[in-house]
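# A structural walkthrough
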Amino acid sequence: EKGGFDHFMLKEIYEQPRSIADCMRGRLDVKSGRLVLGGLRDYMKKFQNAHRIIITACGTSWHAGLVAEYLFEEFARIPVEVEYASEFRYRNPVINERDFVIAISQSGETADTLAAIELAKSKGATIFGVCNVVGSSIARATHAGSYTHAGPEIGVASTKAFTAQISVLSMMALMLGYQRGTLPEGQFIQFLHELETVPAKVEKALALNSQVEEIAKQFKDVRNFLYLGRGYNFPVALEGALKLKEISYIHAEGYPAAEMKHGPIALIDEEMPVVFIATRDSSYEKVVSNIQEVKARKGKIIAVVTEGDTMVKKMADHTIEIPSSHEAFVPLISVIPLQLLSYHIAVMRGCNVDQPRNLAKSVTVE
Ligand code: F6R
């Protein structure tokens, strides 16, 4: 059942080239330049004319929502808010029929997300679900939705569901931008091509497994970890830290790299490993200066960089080179080594990777 892998988590990490391709199959047709999400068809006008997009979710799904905020705002120029479902539902939020709400959930059973949906519905908003489990409560409670088609996720730590969520949200953002005219046809087509190359790039990132395992050996006994990224890689930093803490029980924090100097920098000494997601994108130079700041304080730097990088390589203690991609789709690739890093560290610490203590796959109580 684990397909020759020691744990479901590792199996699911390795499934990602296929699960991302499955998610795009029948939806993305590069040859004809078409992108179709069946679930969106009847609600496309509402989506296009929305005054605001509100994304609500918990945990890893909330991180996928943060990536979507960057995607929607960049491609479609509609303001986006990303809300923890548990906060949103109890805040008496301002919401009306011109809002388009996207609820993201792997299990489709998360109690807080379900309650957030019911609240938004009662205020007249349109609710769109991005769920993995077919026929789940959230899938049924929404007006429409698109399934992520990642297949069953058994490991409690979410991996392939996360990349499938981002895949669906990327397709939604491209469709929306194209329909609204904020994303010109030429660019739209280019992005379709780019998206189609993602599974092969994820495959290449998985080939870094033994290198990541070596790095894990050196850091398995530390007490703390920092994860830093900017732009599209900021949510990836949060996700990397969440993966590590939930399965290895090492305290980890994710931050937007520039926020470091507003507090977390005080933590840095020669004992502190800092994972930078420093791919070649619009914030690269800025991240490089953040790396310098950590290096000056003797922090240990593990950097996820773009293939062929030289600048960060000179500064970091360890670099992990991933294939290059347009920055909008980098999270799908840059998260892979972070999933592997947390997996190996947890295994080396003797943790129960697939069923970490105190956690459940579906959080059906608030
Ligand atoms: C992280 C994790 C949790 C879930 C969260 C939301 O690895 O598993 O943080 O992401 O409980 O669950 P869903 O997506 O099922 O609503």
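- For the chain, the name recorded in an unreviewed UniProt entry is Glutamine--fructose-6-phosphate aminotransferase [isomerizing], with Echinicola jeungdonensis as its organism.
- Listed in UniProt under the heading Subunit (unreviewed entry), the comment for the chain reads: "Homodimer."
- Per UniProt, the chain has the following entry under Function (unreviewed entry): "Catalyzes the first step in hexosamine metabolism, converting fructose-6P into glucosamine-6P using glutamine as a nitrogen source."

### A look at the packing of helix H11 (residues 209–219) against helix H15 (residues 330–348)
- It is at 9 Å that the axes of H11 and H15 come closest, and there the two elements cross at 50 degrees. In terms of their interaxial angle, H11 and H15 are classed as oblique. For the crossing formed where H11 meets H15, the hand is right-handed. Touching Asn209, Val212, Glu213, Ile215, Ala216 and Lys217 of H11 are Pro337, Leu340, Leu341, His344, Ile345 and Met348, all from H15.
- Classifying every residue of the contact of H11 with H15 by side-chain character gives eight nonpolar, two polar and two charged.

### Here's the deal with the packing of aromatic side chains
- Across all of its chains, the model carries eleven aromatic pairs by this definition.
- With centroids separated by 4.7 Å and ring planes inclined at 50 degrees, the aromatic side chains of Phe75 and Phe191 adopt a geometry described as tilted. Of this pair, Phe75 sits in helix H4 (residues 59–76) while Phe191 sits in helix H9 (residues 185–196), and the two are 116 residues apart along the sequence. Phe191 carries the same exposure label as Phe75, and that label is buried.
- Ring-pair connections join several aromatic residues into one group, and the members of that group are Phe47, Phe72, Phe100 and Phe128.

### Overview of the sheet that holds strand S9 (residues 251–256)
- Strand order across the open sheet formed by five strands is S9-S8-S10-S11-S12, with parallel pairing between neighbours. Each having just a single partner strand, S9 and strand S12 (318–322) make up the two edges of the open sheet. Averaged over all pairs of adjacent strands, the angle between strand axes in this sheet comes to 15 degrees, irrespective of strand direction.
- In this sheet, strand S10 (residues 273–277) lies alongside strand S8 (residues 224–229) in parallel orientation, the contact comprising three bridges. The partner of Leu226 across the bridge, within S10, is Val274.
- Packing of helix H12 (residues 233–248) onto the sheet brings it into contact with S8, S9 and S10, and relative to S9 it is tilted by some 175 degrees.

### What to know about the site of the ligand
- Within the structure, the ligand sits among 15 residues, and Ser61, Ser105, Gln106, Thr110 and Glu246 are positioned closest to it.
- Ser105 has a polar side-chain atom sitting 2.6 Å from an oxygen atom of the ligand.
- With respect to the ligand, the side chain of Thr110 contributes an N or O atom lying 2.5 Å from an oxygen atom.
- Secondary-structure elements contributing two or more residues to the shell around the ligand are H4 and H12.
- Classifying every residue of the shell around the ligand by side-chain character gives five nonpolar, eight polar and two charged.

### Comments concerning the nonpolar core
- In terms of nonpolar packing, the biggest core is built from 93 residues, with Phe47, Phe72, Ile102, Met172, Leu174, Phe225 and Tyr227 touching the most fellow members.
- Sequence-distant contacts of Tyr227, defined by excluding residues within four places in its chain, comprise Ala237, Gly240, Ala241, Leu244, Ala252, Glu253, Gly254, Tyr255, Val275, Leu338 and Leu341.
- If you look at the next biggest cluster of nonpolar residues, it comprises 21 residues, including Met272, Phe276, Ile301 and Met315.

### Brief notes about the pairing of strand S11 (residues 300–306)
- The buried count for S11 comes to six of seven residues, which makes it a mostly enclosed element.
- Here S10 pairs with S11 via five bridges, running parallel. Note that in S11 the partner of Ile277 across the bridge is Val304.
- Remark: the S10/helix H13 (residues 284–296)/S11 crossover connection has right-handed handedness.
- Strand direction decides the pairing type here: S11 and S12, joined by five bridges, are parallel. Among the inter-strand pairings, Val304 is bridged to a residue of S12, identified as Ile320.

### Quick word on H13
- An ideal rise of 1.5 Å per residue puts 18 Å on 13 residues; H13 measures up with 18 Å between its terminal C-alpha atoms.
- Its buried side turned inward, H13 meets S10, S11 and helix H14 (311–315).
- Downstream of H13 by a residue or two, Lys298 has a phi angle that is positive, lying close to 70 degrees.

### A word on the environment of Gly308
- Structurally, Gly308 is set in the loop between S11 and H14.
- Overall, Gly308 belongs to the exposed group, its relative accessible area being 60%.
- In the structure, Gly308 is positioned 15 residues away from Pro323 in sequence and 9.0 Å away in space, judged by C-alpha atoms.

Cut-off values and rules
Sequence order sets the numbering: in each chain, residues are counted from 1 along the sequence as written. Side-chain atom pairs in this predicted model are given and counted only at pLDDT of 80 or more, local residue features only at pLDDT of at least 70, and totals for whole chains, interfaces and linings cover all residues. To obtain the side-chain values, all non-hydrogen atoms of the structure were used and water was disregarded. UniProt positions are given in the numbering used here, feature names are shortened, and annotations may be inferred rather than shown by experiment. Angles here are taken between N-to-C directions and fall from 0 to 180 degrees, while the axes themselves are lines fitted to C-alpha atoms, restricted in helices to the stretch in contact. Numbered from the N terminus, helices here are DSSP runs of H or I no shorter than four residues, and strands are runs of E no shorter than two. Any angle from 65 to 115 degrees is called roughly perpendicular, while one under 35 is roughly parallel, one over 145 is roughly antiparallel, and all others are oblique. Here a crossing is taken to be left-handed if its near helix is turned anticlockwise relative to the far helix by less than a right angle, and right-handed if that turn runs clockwise. Note on definitions: a residue-residue contact is assigned when non-hydrogen atoms from the two residues lie within 4.5 Å. Polarity classes work like this: nonpolar for Ala, Val, Leu, Ile, Met, Phe, Trp, Tyr, Cys and Pro, charged for Asp, Glu, Lys and Arg, and polar for all others, with Gly in that last group. In this analysis, rings of Phe, Tyr and Trp, with Trp reduced to its six-membered ring, are considered paired at centre separations within 6.5 Å, and the interplanar angle assigns stacked below 30 degrees, edge-to-face beyond 60, and tilted for intermediate values. Here the term buried applies to any residue with accessible area under 20% of the maximum for its type, exposed to any over 50%, and partly exposed to those in between, with areas from a 1.4 Å probe on protein chains only. DSSP-based pairing: two strands are paired if at least 2 bridges between them are found. A molecule or strand has a residue near it when one of that residue's heavy atoms lies within 4 Å. Within 3.5 Å is the distance limit for a polar contact, defined as a pair of N or O atoms, with the added protein rule that one can donate a hydrogen and the other accept it, and that residues adjacent in sequence qualify only through two side-chain atoms. Among the buried residues, those of types Ala, Val, Leu, Ile, Met, Phe, Trp, Tyr and Cys that are joined through side-chain atoms within 4.5 Å form a nonpolar core. When the strands point away from the viewer, a crossover counts as right-handed if the path from the first strand over the helix to the second runs clockwise. By this rule, a helix spans an expected 1.5 Å times one less than how many residues it contains.

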